[in-house]
Amino acid sequence: MIKVLIADDEIIVRAGIKSLINWEENGFRVVGLAVDGKEAMEMIHGEKPDIVLTDVMMPKMSGIDLIKAAKAEYPFIKFVVLSCHNDFEYVRRAMKYGAEDYVLKLSMDSDELLELLLALSKKIKEERKLKSAEFCLVDQDGLSERSKRIAYFVSLINGERRSLDVNDSKAVKLFYISAHKVLAFIKIDNFNNINEDRGKAESTLINVMEQQLKGKGLLEVFKYKENSFIVLLSFENEEYNRIDETVNNICRKLQVFINKYVNVTISIGISNVFKDYYDLDTAFKQADQACKYRFYNGAGTVCKYREGIFSDESVQVFLAKEQKELIDYLDTCDTNSINPFINNIIYELAKIRPPVEKCVQLFMEIYYCMGSVLKNYGDSIKSENGTGTPNYIQISKVEFITDAREILLQYGEYCANQIENARNAVYRKEIMAATDYIKKNYSSNISLKSVAQHVFVSDSYLSRIFKENLNMSFVEYLTGIRIEKAIEFIKTTNLPNYAIAEKIGYENINYFGRVFKKTTGLTPTQYRSKYNSFDTGKNSE
């Protein structure tokens, strides 16, 4: 069973989510219902759940702070954010600290929640399977000498041993102790696209590498994890300053041979030269980082590790301004602007070349930004691109920046098309005219009657179709637009509350404060303080 914890300060929400689906029938067990972030953290310590559904705004400890604290101790936990405000800024912060997905509490249904949970369950099980398949140093009775040696190498690579003595070297038949060595880390490109038996492909690859590298300094070759292979090369008689060139030539020839006989391309990361076996963990980290450079260079990369291989320059290509631009493009179904927008971000990343993990995080933020707009237009629209696999899973496993670009372009087009269909199919012409008028004139003293006159219908008819089409009253819609603009002013300006009230159409500052708190749960001043504490990473208590 996958263990699930629900954290929300509203009892009706906790009860509603718990009764929304048949948990055990679908392989889940609810292990706790927490009333705030602090209690949720205590339950996490006790139950160690696999999935946590958490509200963002909670007393004692916010959902953002809960994610940060829990992820530091239990990185395996998958968090899903529950939000009652369609505010991407909260989702962005949650994603920054490790949230997997989010749902809007007001529009959540059983199918949407179950689909999300099943996707996370699959991801958790895959991670467990991978972890159980990893090499570990166990009781080695009955193992072959080579198996013992490989297990010993893995223990050094994983940092489980920090020294090497004579008894160890004899036990696992280590050799070429004093020779210069290089570790190569190899991955099959586009591994997830292999249709045949992947295990068979991996075994074939190891056999071919063994044959091709004989007599070329091969010390050992073995599978480390799924689609992760390690080659240890030893150079006892090679001149030190020629080792890098020799290794590069070996790797290039190996690529050609494997492509010809196994029909796959491989990328290879190469460590710096080392001598001592207890430096294997450092060599592995270097080769792993070098292999990740294929993200930018594409399939068939051979890369030698160097300091500063990835840029530590701050990545500022999707800030509040860019988020607003993308949201506006989607709201207006402007596909002619969406594609250049995404292409420009990809271009800037390829130029800066930050660590791959930062790029993936940014891609997830863009995906969730588009998804948050999409969800405004109907619960029946699913945030997928038609492949059957949720986009966030595709993005989290992306191998190359070009693949990420295609996923985001396709998803952007998908979102724009779905939004356009929703606008044409669901919103009546009068509603479209009315909502467009409200968005342009929210700062004026508008009313149901004045808007009805503008779209040439009666006020009673406009009131009725607002309820039928938007499931809210005219006043609720106008209030939502005004509070959304107020939040935007709080985030992007230093205007005092009375000035913000005037800009969004409220003459009475006290009335503005009451409406704001009723909508968001906070006063404007509290919201500004809470927003700033999130931005600086301070505890929000």
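Coordinates for the structure precede this section.
Along every chain, residues carry numbers that run from 1 in the direction the sequence is written. Totals for whole chains, interfaces and linings use all residues, but because this is a predicted model, local features are given only for residues with pLDDT of at least 70 and pairs of side-chain atoms are given and counted only at 80 or more. Each side-chain value is worked out from all heavy atoms of the structure, with water and hydrogens disregarded.

(A) Layout of the overall build of the protein. Across its full length, the protein holds 23 helices and 10 strands. Contacts are assigned to residue pairs that have any heavy atoms within 4.5 Å of one another. Within the protein, contacts between residues at least 6 apart in sequence are counted, and of these 69% link residues at least 24 apart. Accessible surface for the protein amounts to roughly 26100 Å². Of this, 48% is attributable to carbon and sulfur atoms. The way it works is that DSSP assigns letters per residue, a run of H or I at least four long becomes a helix, a run of E at least two long becomes a strand, and they are numbered from the N terminus. Surface accessibility in these figures is a Shrake-Rupley result with a 1.4 Å probe; residues are shielded only by whichever protein chains are displayed.

(B) Examining the packing of helix α17 (residues 429–441) against helix α20 (residues 474–492) more closely. Contact geometry for α17 and α20: axes closest at 10 Å, N-to-C directions at 40°. Accordingly, the angle class assigned to the pair α17 and α20 is oblique. Between α17 and α20 lies a crossing whose hand is right-handed. When α17 is examined against α20, the residues T435, I438 and K439 are found in contact with a partner set consisting of F474, Y477, L478 and I481. The residue classification treats Ala, Val, Leu, Ile, Met, Phe, Trp, Tyr, Cys and Pro as nonpolar and Asp, Glu, Lys and Arg as charged. All others, Gly included, are polar. A breakdown of the residues in the contact of α17 with α20 according to their chemical character gives five nonpolar, one polar and one charged. Under this scheme, a helix contributes an axis fitted over its contacting stretch, all axes are lines through C-alpha atoms, and angles between N-to-C directions fall in the 0 to 180 degree range. Oblique is the label for any angle not covered by the other classes, which are roughly parallel (under 35 degrees), roughly antiparallel (over 145) and roughly perpendicular (65 to 115). Each crossing is labelled by how the near helix is turned from the far one, with a counterclockwise turn of less than a right angle marking it left-handed and a clockwise turn marking it right-handed.

(C) Broad picture of helix α9 (residues 243–261). The terminal C-alpha atoms of α9, which comprises 19 residues, lie 27 Å apart, in line with the 27 Å expected from a rise of 1.5 Å per residue. Here's how the labels work: a residue is buried when its accessible area is under 20% of the maximum for its type, exposed when over 50%, partly exposed in between, all with a 1.4 Å probe on protein chains only. Among all positions of α9, only I243, T246, V247, I250, C251, L254, Q255 and I258 are buried. Check the buried side of α9 and you find it contacts β6 (180–188), α8 (198–213), β8 (228–235), β9 (266–270) and β10 (302–304). A helix is expected to span 1.5 Å for every residue after the first.

(D) Representation of the sheet that holds strand β5 (residues 99–104) within the structure. A pair of strands is considered paired only if DSSP assigns at least 2 bridges between the two. In space, the five strands of this open sheet follow the order β2-β1-β3-β4-β5, with parallel pairing throughout. In the strand order of this sheet, the two ends are held by β2 (28–34) and β5, each with one partner. Strand after strand, the sheet turns through a mean of 20° between neighbouring axes, direction not considered. Pairing analysis gives five bridges linking strand β3 (residues 51–55) to strand β4 (residues 78–83), with the strands arranged parallel. Each residue of the ladder has a partner; that of V52, found in β4, is F79. Here helix α1 (residues 11–18) sits on the sheet in contact with β1 (2–7), β2, β3 and β4, set at roughly 175° to β2. Relative to β2, helix α2 (residues 37–47) is tilted by about 140°, and along the sheet it contacts β1, β2, β3 and β4.

(E) Broad picture of the pattern of salt bridges. Here, a salt bridge means any Lys or Arg side-chain nitrogen found within 4 Å of an Asp or Glu carboxyl oxygen. Under the criterion given, the structure shown has 14 salt bridges. Residue K351 is joined to E348 by a salt bridge in which the shortest nitrogen-to-oxygen separation is 3.6 Å. With K351 and E348 both in helix α13 (residues 335–352) and three residues apart, this pair spans about one turn of that helix. Shared partners join several salt bridges into a network, and the residues in it are K78, E100 and K123.

(F) Main features of empty space enclosed by the protein. A pocket, in this scheme, is an open set of points on a 1 Å grid over the protein atoms alone with protein on both sides within 12 Å along at least 5 of 7 lines, while a cavity is a set where a 1.4 Å probe fits but cannot get out; residues line either one if an atom lies within 4 Å of a point. Grid points are joined across faces, edges and corners, and a volume is the space filled by probe spheres set on the points. Summed over the entire model, instances satisfying the criterion amount to two cavities of 30 Å³ or more. What lines the second largest cavity is A184, I186, L213, V231, L233, I250, C251 and L254. Here the element with the most residues in the lining of the second largest cavity is α9; it accounts for three residues. Considered class by class, the residues forming the lining of the second largest cavity number eight nonpolar, no polar and no charged.

(G) A look at the environment of R93. Here R93 lies in helix α4 (residues 88–96). Placed 272 residues apart in sequence, R93 and E365 show a C-alpha to C-alpha distance of 9.2 Å.

(H) A look at the packing of aromatic side chains. Side-chain rings of Phe, Tyr and Trp, where Trp is taken by its six-membered ring, are said to pair if the distance between their centres is within 6.5 Å; with planes under 30 degrees apart they count as stacked, over 60 as edge-to-face, and otherwise as tilted. Summed over the entire model, instances satisfying the criterion amount to 23 aromatic pairs. On the basis of an interplanar angle of 35° and a centroid distance of 6.5 Å, the ring pair of F295 and F363 is categorised as tilted. Of this pair, F295 sits in helix α11 (residues 294–297) while F363 is found in helix α14 (residues 356–375), placing the two residues 68 residues apart along the sequence. Overall, F295 belongs to the buried group, its relative accessible area being 1%. Judged by centre distance (5.7 Å) and plane angle (80°), the rings of F466 and F474 are edge-to-face. Pair check on accessibility: F466 and F474 agree, each one buried. The structure contains a cluster of three or more aromatic residues connected by ring pairs, namely Y102, Y367, Y368, Y411 and Y414. The ring of Y277 carries K181 above its face, with NZ or CZ at 4.7 Å from the centroid. A ring is scored as having a charge over it whenever the NZ atom of a lysine or the CZ atom of an arginine sits within 6 Å of its centre and within 35 degrees of its normal. When the ring centre of Y293 is taken as origin, the NZ or CZ atom of R306, which lies over that ring, is 5.6 Å away.

(I) Representation of the pairing of β1. Counting buried residues along β1, five of its six residues qualify, which places the element largely inside the surrounding structure. Remark: the β1/α1/β2 crossover connection has right-handed handedness. Alignment of β1 against β3, held across four bridges, turns out to be parallel. Residue pairing for β3: A7 is matched across the bridge by T54. Convention used here: a crossover is right-handed provided that the path from the first strand, over the helix, to the second strand proceeds clockwise when the strands point away from the viewer.

(J) Local environment of the pairing of β3. The buried fraction of β3 is high, at five of five residues. Residues of β3 alternate between two faces, with I51, L53 and D55 on one and V52 and T54 on the opposite face, all of them buried. What joins β3 to β4 is helix α3 (residues 63–73), and the crossover it makes is right-handed.

(K) Representation of the sheet that holds strand β7 (residues 218–225). Taken together, the five strands give an open sheet; going across it, the order is β7-β8-β6-β9-β10, and neighbouring strands pair in mixed fashion. What marks the edges here is a single partner per strand, and that holds for β7 and β10. Between one strand axis and the next, the sheet turns by 20° as a mean value, whatever way the strands run. Looking at chain direction, β7 and β8 are connected through six bridges and run antiparallel. Bridge pairing links K225 to S228 in β8. Across the sheet, helix α6 (residues 145–157) touches β6, β7 and β8, and the angle it forms with β7 is around 70°.

(L) Fine view of the state of the cysteines. Note on terminology: pairs of cysteine sulfur atoms within 2.5 Å are recorded as disulfides. Inspection of the entire model under this criterion finds zero disulfides. Its sulfur unpaired, C291 is 8.8 Å from the next cysteine sulfur, which belongs to C303. Taking relative accessible area as the criterion, C291 reaches 3% and is therefore assigned buried. Just so you know, C415 is unpaired, no disulfide at all, and the nearest cysteine sulfur is the one on C369, 9.7 Å from it.

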